[in-house]
Amino acid sequence: MKVSTLIGSLALGALPSVNAAPGSQFERDSAAVAAEIIRRALPNAPNGYTPTNVTCPSTRPTIRSAAKLSTNETSWLEVRRNKTITPMKEFFNHVTVGDFDVGAYIDKHSANVSNLPNIAIAASGGGYRAMLNGAGGIKAFDSRVKNATASGHLGGLLQSATYVAGLSGGSWLVGSIFINNFTSVADLQTYSSGEPWQLGNNIFEGPDTGGLQVLDTAEYYTDLAEAYEDKKKAGFATSLTDVWGRALAFQMFNASKGGIDYTWSSIAKTQDFIDGNYPMPLVVADSRTTGEIIASSYSTVFEFNPWEFGTFDPTLYAFAPLEYLGSRFENGSIASNETCVRGYDNAGFVIGTSATLFNEVITELGTNSSGITAWAENILTDLFADFDSSDDDIASYDPNPFYGYNDDSLASTTGLDVVDGGEDGQNVPLHPLIQPERAVDIIFAIDSSADTDYYWPNGTSLVATYERSLNVTGIGNGTAFPAIPDQNTFINLGLNTRPTFFGCNSTNITGTAPIVVYLANAPYSSQSNTSTYQMTYEDWQRDNIITNGYEVVTRGNGTLDGNFTACVGCAILSRSFERTGTTLPDICTQCFTDYCWNGTTNSTTPNTYAPVDILASSQAGLFITPTALTAFAAVTAAFFAMV
Ligand SMILES: *[C@@H]1O[C@H](CO)[C@@H](O)[C@H](O)[C@H]1NC(C)=O
Ligand SMILES: *[C@@H]1O[C@H](CO)[C@@H](O)[C@H](O)[C@H]1NC(C)=O
Ligand SMILES: *[C@@H]1O[C@H](CO)[C@@H](O)[C@H](O)[C@H]1NC(C)=O
Ligand SMILES: *[C@@H]1O[C@H](CO)[C@@H](O)[C@H](O)[C@H]1NC(C)=O
Ligand SMILES: *[C@@H]1O[C@H](CO)[C@@H](O)[C@H](O)[C@H]1NC(C)=O
Ligand SMILES: *[C@@H]1O[C@H](CO)[C@@H](O)[C@H](O)[C@H]1NC(C)=O
Ligand SMILES: *[C@@H]1O[C@H](CO)[C@@H](O)[C@H](O)[C@H]1NC(C)=O
Ligand SMILES: *[C@@H]1O[C@H](CO)[C@@H](O)[C@H](O)[C@H]1NC(C)=O
Ligand SMILES: *[C@@H]1O[C@H](CO)[C@@H](O)[C@H](O)[C@H]1NC(C)=O
Ligand SMILES: *[C@@H]1O[C@H](CO)[C@@H](O)[C@H](O)[C@H]1NC(C)=O
Ligand SMILES: *[C@@H]1O[C@H](CO)[C@@H](O)[C@H](O)[C@H]1NC(C)=O
Ligand SMILES: *[C@@H]1O[C@H](CO)[C@@H](O)[C@H](O)[C@H]1NC(C)=O
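A brief report on the enclosed structure follows. (Residues numbered from 1 in each chain as written. Chains lettered and ligands numbered in written order. Predicted model: local features only at pLDDT ≥ 70, side-chain atom pairs only at ≥ 80, totals over all residues. Heavy atoms only, no water.)

A count of helices and strands for the protein gives 22 helices and 16 strands. Relative to its 643 residues, the protein shows a buried fraction of 61%. Excluding contacts between residues fewer than 6 apart, the proportion of contacts in the protein whose partners are at least 24 apart in sequence is 75%. By element, 51% of the accessible surface of the protein is carried by carbon and sulfur atoms, the whole surface being about 23000 Å². (Helix = DSSP H or I, 4+ residues; strand = E, 2+ residues; numbered from the N terminus. Buried < 20%, exposed > 50% of the residue type's maximum accessible area, 1.4 Å probe, protein only. Contact = heavy atoms within 4.5 Å. Areas by Shrake-Rupley, 256 points an atom, 1.4 Å probe, with all protein chains shown as cover.)

And the structure:
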């Protein structure tokens, strides 16, 4: 049976209790909710999930070269950089750097904010583990969170930042915060049944909206299938990512029908964002041609910023206006006999695109969950029969906005295949943040990758970005990056069990690069190395991983080193002090000895990396042994039978 037929039979009451029937209480409730959230200016898609023809604006959208930042970004930066001054002063109120008066320093240079620190935060991929560990970091950096501005904590860093980048699982985090009106992680943790971050109900079940789960699930499956079918009917190429992105949106966005009419480009139209009241979100993905396996040495890395979709890489080197994705661009413009399209950049589709490795998970819909009836399962089984399995893990961007724009091979096809941002090995979204035009001084790089046998990071992502940057005239295209040692060194020297700063000595870098504060997931108060494909998290486990992530970035709130926050302060100020010819306070010398990688390597093959309980003290019961973990991993792997 076709999906549409199934949907039809549902609506006609073959299952009388499905609440989505026209005129039902559900429909009235969601209309009321929609009316309420409209003030947020975010749900601005013209027709739900379906990209729709609209009249072009008087200045017709065009593709532009990546030689400069967009004028949208440069004018926004003028506003935002000024807005970081007050939060930065507040941050340095509780993060003291010896007896240096940072407040006075900031005041002295505030008339020329480009002299002050330009801060970015990056959250890696790695499924829900990465979303939650990254969330712990963001929570620790957020001055709105209770106790985050106490001594030993780092609250206010988020408010002082210019950019926040996310990739794959990290993009779910970034989406959850920015699509929900720049909410805080603490608030995301307080939601209840049917609302965001209820990961106890997994993506196969859909949200628990209070009724019988079987019926909730039916309505959810119907929504997923309908969105997909409608986009297809409107004549657009579809892919598994359309279903996956919709499903994710139900877990991440606090709006009716999983925020079906929320676009990514609407972030740029939100008043608080326009006013520079919070940082700019960036989501990273890669492109891939059919059958290709990509590596960092030649991948083309794309970003979604609030205005545009495109790449700084020398291959394509172009940006398209995000709001008008789906329009038929050719040779950089939309022909006069063609119309503009809006609504293609559905926010769920964007975070699904960054995380296409999980598309395969969605094909498990309905097969892995108890309580899901056979007919519900059929809806999606049928839907998935539509896809060519070799393309399971792509997001189809068709029409390709870059078609004919230049002579790069990515501009030669009418469709563009976009894949998970981590597929080229650069699992921390550093790429947008090391573009010289953005002049970032420091990146807080939260790495939740599963590099080792027990799903801990071992520096692989930084190595990939470093190696890429060495091809200065090629794929690196003028980006510089601090020297990074091999992965054995990371493990042997413990660079992944405590925060490590790279690039402290700017004169040892060819070109201009930020300091990278590497914050690798490690067990502080709980064993946060869950499988990338663990799909269900009870609230307690979610919260434990978030708390652990908080401790990863604060060294256990300073319990492991009372000077740690001062050292973070030194790293933040370092490049700014170079620009203004200011000498770093004495405490920074000790800090840099303690936290900057000094060029030492030890490349001998390490023993199995299985760290436990870094905070050494109790918190008993939360730790599981490597053996138990292996057993769990085997079960999970068998469960999903996937790469
Ligand atoms: C968004 O957040 C801001 C700042 O907290 C608040 O003033 C505003 O009312 C919120 N908007 C909506 C629609 O919730
Ligand atoms: C971005 O800049 C262009 C050109 O100045 C302008 O037309 C457009 O409205 C801007 N977009 C937003 C969302 O402000
Ligand atoms: C930023 O602050 C500087 C110095 O106070 C001021 O000259 C400039 O106009 C401000 N920029 C914006 C966009 O407010
Ligand atoms: C905040 O700190 C106080 C005092 O140390 C403590 O009692 C309280 O539990 C903390 N709250 C949170 C949310 O950590
Ligand atoms: C980056 O690539 C573009 C397009 O190939 C090229 O025009 C530009 O000069 C390159 N920039 C650097 C710094 O190499
Ligand atoms: C617009 O014109 C081009 C070239 O003449 C043609 O190929 C295309 O089909 C036309 N598009 C529409 C919507 O008529
Ligand atoms: C949208 O416009 C294009 C021409 O640009 C046309 O081919 C297509 O049929 C239109 N779609 C709808 C649903 O009207
Ligand atoms: C580090 O991670 C990479 C990528 O997963 C893996 O191939 C390599 O064996 C790991 N090395 C060590 C020493 O853990
Ligand atoms: C450097 O980049 C260029 C252009 O992307 C590529 O053709 C070349 O193979 C790269 N060189 C190395 C050593 O990776
Ligand atoms: C920084 O790097 C430069 C160039 O390699 C070197 O001469 C200098 O000694 C280094 N400074 C420190 C403090 O290590
Ligand atoms: C660190 O602070 C967080 C947030 O207040 C708290 O949940 C956690 O228990 C603290 N951890 C330690 C080791 O103090
Ligand atoms: C300094 O630069 C050299 C050459 O790139 C590199 O091998 C070395 O590891 C760097 N040292 C530090 C401390 O980054």
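Still more to cover.
So, about the pairing of strand β14 (residues 442-447). Here is the key point about a regular strand: its side chains alternate between the two faces of the sheet. β14 sits mainly inside the fold: six of its six residues count as buried. The side-chain alternation of β14 yields two buried faces, one formed by Ile 442, Phe 444 and Ile 446 and the other by Ile 443, Ala 445 and Asp 447. Relative to β14, strand β3 (residues 119-123) runs parallel, the two being bridged by five bridges. Each bridged residue has a counterpart across the sheet, and for Ile 121 the counterpart in β14 is Phe 444. With six bridges connecting them, β14 and strand β16 (residues 515-520) associate as parallel partners. From the neighbouring strand, Ile 442 faces β16, where its bridge partner is Ile 515. (Pairing = 2+ DSSP bridges.)

In total, this model carries four disulfides according to the counting rule given. Covalent S-S linkage joins Cys 56 and Cys 340, the inter-sulfur distance amounting to 2.0 Å. Its S-S torsion of approximately 105° makes the covalent link between Cys 56 and Cys 340 right-handed. Residue Cys 56 is found in the loop between β1 (52-54) and β2 (64-65), and its partner Cys 340 is found in strand β11 (residues 340-342); the two are separated by 284 residues along the sequence. (Disulfide = S-S within 2.5 Å.)

On to the environment of Ile 119. Mapped onto the elements of the fold, Ile 119 is located in strand β3. Here Ile 119 falls in the buried class, since its relative accessible area comes to 0%. It is 9.9 Å that separates the C-alpha atoms of Ile 119 and Ile 515, two residues lying 396 residues apart in sequence.

Our focus in this paragraph is the environment of Cys 340. For Cys 340, a relative accessible area of 0% gives the class buried. Sequence separation between Cys 340 and Arg 328 is twelve residues, and the spatial gap between their C-alpha atoms is 7.5 Å. Leave out the neighbours within four places in its chain, and Cys 340 touches Thr 52, Asn 53, Val 54, Thr 55, Cys 56, Pro 57, Pro 61, Tyr 324, Ser 327 and Ile 334.

To continue, consider the site of ligand 3. Every residue lining ligand 3 is accounted for by Glu 78, Asn 82 and Ala 111. For ligand 3, an oxygen atom lies 2.3 Å from a polar atom in the side chain of Asn 82. For ligand 3, whose accessible area on its own is 360 Å², the fraction buried by protein is 38%. (Near = heavy atom within 4 Å. Polar contact = N/O pair within 3.5 Å; in protein donor to acceptor, adjacent residues only side chain to side chain.)

With that settled, consider the pattern of salt bridges. Any two side chains of opposite charge can pair, on the condition that their charged atoms come close. Under the definition given, this model contains 16 salt bridges. Between Lys 89 and Asp 107 there is a salt bridge, and its shortest N-O distance comes to 2.7 Å. Taken together, the residues Lys 89 in helix α4 (residues 85-94) and Asp 107 in helix α5 (residues 102-109) connect sequence positions 18 residues apart. Ionic pairing is found between Arg 438 and Glu 303, a salt bridge with its closest N-O pair at 2.8 Å. Remark: Glu 303 occurs in strand β6 (residues 301-304) and Arg 438 occurs in the loop between β13 (416-420) and β14; sequence separation between them is 135 residues. Assigned by exposure class, Arg 438 and Glu 303 land together as buried. When salt bridges that share partners are traced, they join Glu 73, Glu 303 and Arg 438 into one network. (Salt bridge = Lys/Arg side-chain N within 4 Å of Asp/Glu carboxyl O.)

Now for the side chain of Ser 469. In this structure, Ser 469 sits in helix α17 (residues 460-470). For Ser 469, a relative accessible area of 5% puts it in the buried group. Residues within four places of Ser 469 in sequence aside, it is in contact with Gly 476, Thr 479, Ala 480 and Phe 481.

Among the nonpolar cores identified, the biggest contains 165 residues, and Trp 264, Phe 444 and Phe 501 are the most heavily contacted of them. Among the elements that take part in this core, helix α20 (residues 564-580) stands out by supplying nine residues, more than any other. Residue contacts for Phe 501: discarding those within four places in its chain leaves Ile 515, Val 516, Val 517, Phe 564, Cys 567, Val 568, Ala 571, Phe 592, Tyr 595, Cys 596 and Trp 597. (Core = buried A, V, L, I, M, F, W, Y, C linked by side-chain atoms within 4.5 Å.)

Put simply, α20 and helix α21 (residues 586-595) touch, their axes get as near as 9 Å, and they point 100° apart. Between α20 and α21, the crossing angle belongs to the class labelled roughly perpendicular. Contact residues: Phe 564, Ala 566, Cys 567, Cys 570, Ala 571 and Ser 574 in α20; Ile 587, Cys 588, Cys 591, Phe 592 and Tyr 595 in α21. Of the residues in the contact of α20 with α21, the class split is ten nonpolar, one polar and no charged. (Axes fitted to C-alpha atoms, helices over the stretch in contact; angles between N-to-C directions. Parallel < 35°, antiparallel > 145°, perpendicular 65-115°, else oblique. Nonpolar A, V, L, I, M, F, W, Y, C, P; charged D, E, K, R; others polar.)

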